[in-house]
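Summary of structural features
Chain residues, written in single-letter form:
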Amino acid sequence: MRQYLLTLFSFLLILFGFIARATHIRAGEIIVRRTSNITLSFEITVVGYTDAGDSQIEFGGGVLRLGDDNVVNGPFTTTKEALDNDTEKVFFTVNHTYSRPNAAGYLINYQEDFRNDNIININNGNSVQTTFYTETLIVIDPFFGINNSPVLTVPPVDFAAIGSRFVHNPGAFDPDGDSLAYRFTSVKRAQNTVVGGYREMINEDFYTNFSQGNESQTGPPTLTLDPRYGDLIWDAPGDVTNQEDPPDCELKAEYNVAFIIEEWRNIFGTPRLMGYVERDMQIIVCSSDNERPIIDAPDPVCVEAGTNINEIITASDPDSHPVKIEAFGGPFEVNNPATYSPNPATYQNSPGSMEFDWNTVCGHIRERPYEVQLKVTDQPGTGPALVEFVTWEITVVGPAPTGLTTTPQAASSMQLTWDNYTCSNADSMQIWRRVGTYDIMVDECQLGMPPNTGYELAAVVPINQTSYLDDNNGLGLSAGSNYCYRLVAEFPSAGEGKSESYISAETCDSLLIDVPVITNVDIKETSQTNGEILVRWTPPYQIDQGTHPPPYTYQVLRGEGMEDSEAYVLLTSSPISDTVFIDNSVNSPSAPNTFNQSYNYRIILYSNGNLVDTSSMASSVRLDLTPLLQAIDLRWSATVPWSLLDPGFKYHYIYRDKVDLFDPDAMILIDSVEVINSPLKYTDNGAFNNEPLEETQEYCYYVSTYGSYGNDLLPEPLINNSQISCAQPNDTISPCRPPALVFSDNFSCEDFFQQECGANIFENRIEWNVDQDPTCDMDIQFYNVWYSATGQEEDYQIVGTSFNTEFTHEGLPSFKGCYRIQAVDRSGNTSEMTDEICRDNCPNFRLPNAFSPNNDGVNDTFTPYYNDQFSDIEGFDNSNCTRFVERVLFTVFDRSGKVLYSYNSVNNENNVLINWDGYSNTGIEVPAGVYYYSAEVEFDVLEQTKPTEVFSGWVQILR
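Residues numbered from 1 in each chain as written. Predicted model: local features only at pLDDT ≥ 70, side-chain atom pairs only at ≥ 80, totals over all residues. Heavy atoms only, no water.

1. Details of the packing of aromatic side chains
- Tallying each qualifying case throughout the model produces 41 aromatic pairs.
- These aromatic residues form a ring-pair network of at least three members: Phe 747, Phe 752, Phe 753, Phe 762, Phe 815 and Phe 884.
- It is Arg 228 that lies over the ring of Tyr 229; its NZ or CZ is 4.4 Å from the centre.
- Over the face of the ring belonging to Tyr 370 we find Arg 366, whose NZ or CZ atom lies 4.4 Å from the ring centre. (Phe/Tyr/Trp six-rings, centres within 6.5 Å; stacked < 30°, edge-to-face > 60°. Lys NZ or Arg CZ within 6 Å of the ring centre and 35° of its normal.)

2. Structural notes on the nonpolar core
- Of all hydrophobic cores here, the largest spans 54 residues; its most connected members are Tyr 601, Leu 634, Trp 636, Ile 654 and Tyr 701.
- Discounting chain neighbours no more than four positions away, the residues touching Trp 636 are Val 621, Arg 622, Leu 623, His 652, Ile 654, Val 673, Val 675, Leu 680, Lys 681, Tyr 682, Val 703 and Thr 705.
- Grouped together as the second largest cluster of nonpolar side chains are 50 residues, Leu 374, Leu 404, Val 435 and Leu 511 included. (Core = buried A, V, L, I, M, F, W, Y, C linked by side-chain atoms within 4.5 Å. Buried < 20%, exposed > 50% of the residue type's maximum accessible area, 1.4 Å probe, protein only. Contact = heavy atoms within 4.5 Å.)

3. Here's the deal with the pattern of salt bridges
- Applying the stated rule across the entire model yields 35 salt bridges.
- Note that Glu 58 is salt-bridged to Lys 80, the shortest N-O span being 2.9 Å. One end of the pair, Glu 58, is in the loop between strand E2 (41-51) and strand E3 (63-65); the other, Lys 80, is in strand E5 (residues 79-83), with 22 residues separating them in the sequence.
- Judged by relative accessible area, which is 43%, Lys 80 ranks as partly exposed.
- With a shortest N-O distance of 2.6 Å, Glu 215 and Arg 292 are connected by a salt bridge. Of the two residues, Glu 215 sits in the loop between strand E15 (193-194) and strand E16 (222-225) while Arg 292 sits in the loop between strand E19 (270-287) and strand E20 (294-295), which places them 77 residues apart along the sequence.
- By relative accessible area, which is 33% here, Glu 215 ends up partly exposed. (Salt bridge = Lys/Arg side-chain N within 4 Å of Asp/Glu carboxyl O. Helix = DSSP H or I, 4+ residues; strand = E, 2+ residues; numbered from the N terminus.)

4. Thoughts on the sheet that holds strand E48 (residues 681-684)
- Here we have 3 strands laid out as an open sheet, ordered E44-E45-E48, and antiparallel in their pairing. Each edge of the open sheet is held by one strand with a lone partner, namely strand E44 (622-628) and E48. The sheet shows a mean angle of 20 degrees between the axes of neighbouring strands, taken without regard to direction.
- The pairing of strand E45 (residues 631-637) with E48 spans 4 bridges and is classified as antiparallel. Residue pairing for E48: Ile 632 is matched across the bridge by Asp 684. (Pairing = 2+ DSSP bridges. Axes fitted to C-alpha atoms, helices over the stretch in contact; angles between N-to-C directions.)

These results come straight from atomic positions and should not be treated as a statement about function.
This is the structure:
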């Protein structure tokens, strides 16, 4: 027994010594790389950072869980790499193929015994008995594209000085170009399990004077993690330790902290978490009078692919200690990587320098900038070496497309051609168009088409396509317009985003003026019933008079809205020779409602009385107001073939009433808006005359727009005014509720029953009145039409809007449904809804009394009356047609009451026509004679208290 105890005691002494020397795991993370675009195969690399001393424990003896119930146990075959700070990087790789995608992600984690000892914020320094744990999440979803985890390029073990600000950056790079975000997490010993006795590094226990713990001694210490760039800043380490002083580091203390680097991808317009890497890192704090070195970062830079970036990075040390400069980050992780020299980095006399060199290629193009983490480390004679980080951003962009040419074509189109694009990894080419030339001043990092240039995206074509016929999507380009084009190449990126190239040079050309060209759609009178719009156009100056000889005459078409109308109204009963038309109650079938509605026009051209063609469409200018607190926001728009953003006429003008005290109704010019490089908007807060807007006043405005075709043959400027629109600041008053809502189509089931049996498209027409109550707000702009197909309150939805007091609901599958109306004023305030009105279907079900199943093609089956079989019978009455039947349960009996045949439409593709062929359910032919039936019929109606009706009768089989 005594011998056994001595043996056990000896074993424990050995084990204790073994553990005492086994203080090895300082930090670590897991990196995941996809190795196949076809299978779900990944390379999983577990990285540990350990003591480089004489520990008898080798890293790699832990447990790796792959997130799909697969577990791999060590020991693993590892690779070692010596680092500074008495640290080794040790890593091993496991290849694994997942059986299926997982949009929630696979959580990969690694767990191994024995952190290094004396970590002061874990278990009061008794950290050697604490398990090391880290994890990585990887999302695998074919809809989201290929996914790799971020790569961390900067080792996670550094020295810090007591009372001196500390900074660390992991040098994270995402191979897929995903956005990265950083956040703190807990130091763990297992999944969802924090290490025992964990304290944050800025815990008061670690400071003698916590209230003055930051570097400047002006406040408590702080620990921050930049969510965008990943700088972990500790300002500043405390002066409490728990170790004996090792060489070159007096009053030593070790801390661990953990943080997560998330990767985000834009999926269908929504940011989506694609995974994360958790880094568990260590900071070794020493007492030192050493000051941090200083490094100068170059300014962010954008370069065209193919450019060689050569930059000298300098660093210095306040104590004149030698400095070592290193570079980490994305440019060193790609094909054709960047380099720096000297490499490996060596200590140089302060100030020192490092030369960065990167020959960029097309494969480096991506939407997000590359981040280069520049690190400088000093070399004091005694004490810890201190570091400083800075981040330098480099964006590699696609070169501008070249060789763009334009050639006018017949049929109102323009032929474009351009050179093959330089970079084969681009996937598409954007084609941009505007009317009139525009000089775009692009800075170094301006990618793609800048906003508010007047350019509109005309098309996107495959990158290998080098020509395009622009016919405005079949609508045709406008005669006389000086069309200018630019190109932008697109590159694929993670998610749905695209990386865009620089814009191409501009190329312009005009189509012949061989049709009328509208120059004015100018609102002269704003009114619901007596509006007036001036429409002016030019003759077809460049028409082929041999083919289309003069004289030239015209007709005017008007449509509602700012886009091409499905139905135009002909305003001139016969062609006119004038090129000006006043659209009002005198000259037109009906005056335009310029108060509520915008209008568009086309001009029909006749040559010597023969129809030639029509002009392009041009709309009136529509002004919309939004009341604000003591202000009113103005926005205006128009769809016109000329440019409203012409550099030669770059101002639009704002007119308002309540300016002249002696004539408050007069519309006075109050301001102008430079619309070049800005949206068509203006906010009136009274600043033009230093008189704030009053909330009890209504203010009225109109905007005068200036534009041009950019063609010397056409007049300019083209001046067109909007309607007059009024609003009240801070308007929260609801408009009047429409008092009555009725159906206006004189509908009746009796009339409907006279229609053919096959009618299956229906409409409802409703109308309402306007409340004339002076106590409510009358500034109604339009009406929302609400509809419920079931009559249930929760099923109501807006199915349309109306600028007058009627609405036709077309294309319905049936008549049934309920309606409500809601008024909307200029400020967007809505009235209460009207009481609902409902209309029901007109159900009908009739069965004949005989059929002859003799296969002669006439009356072979027993079925309710419907169009295809009965409508050609002489004397057939449409009122017998089957209408709005949902389900039929049909049963046939003999004279004794025995069931011969049964039919349920639910089990027969919901065919309510029965089509009984005279055979029993057992397949026996039923003899000629009289039989009885019962038909339970469920109708498609709103009135759910009477949806079902039972029909009983007799039928004679004739054979």
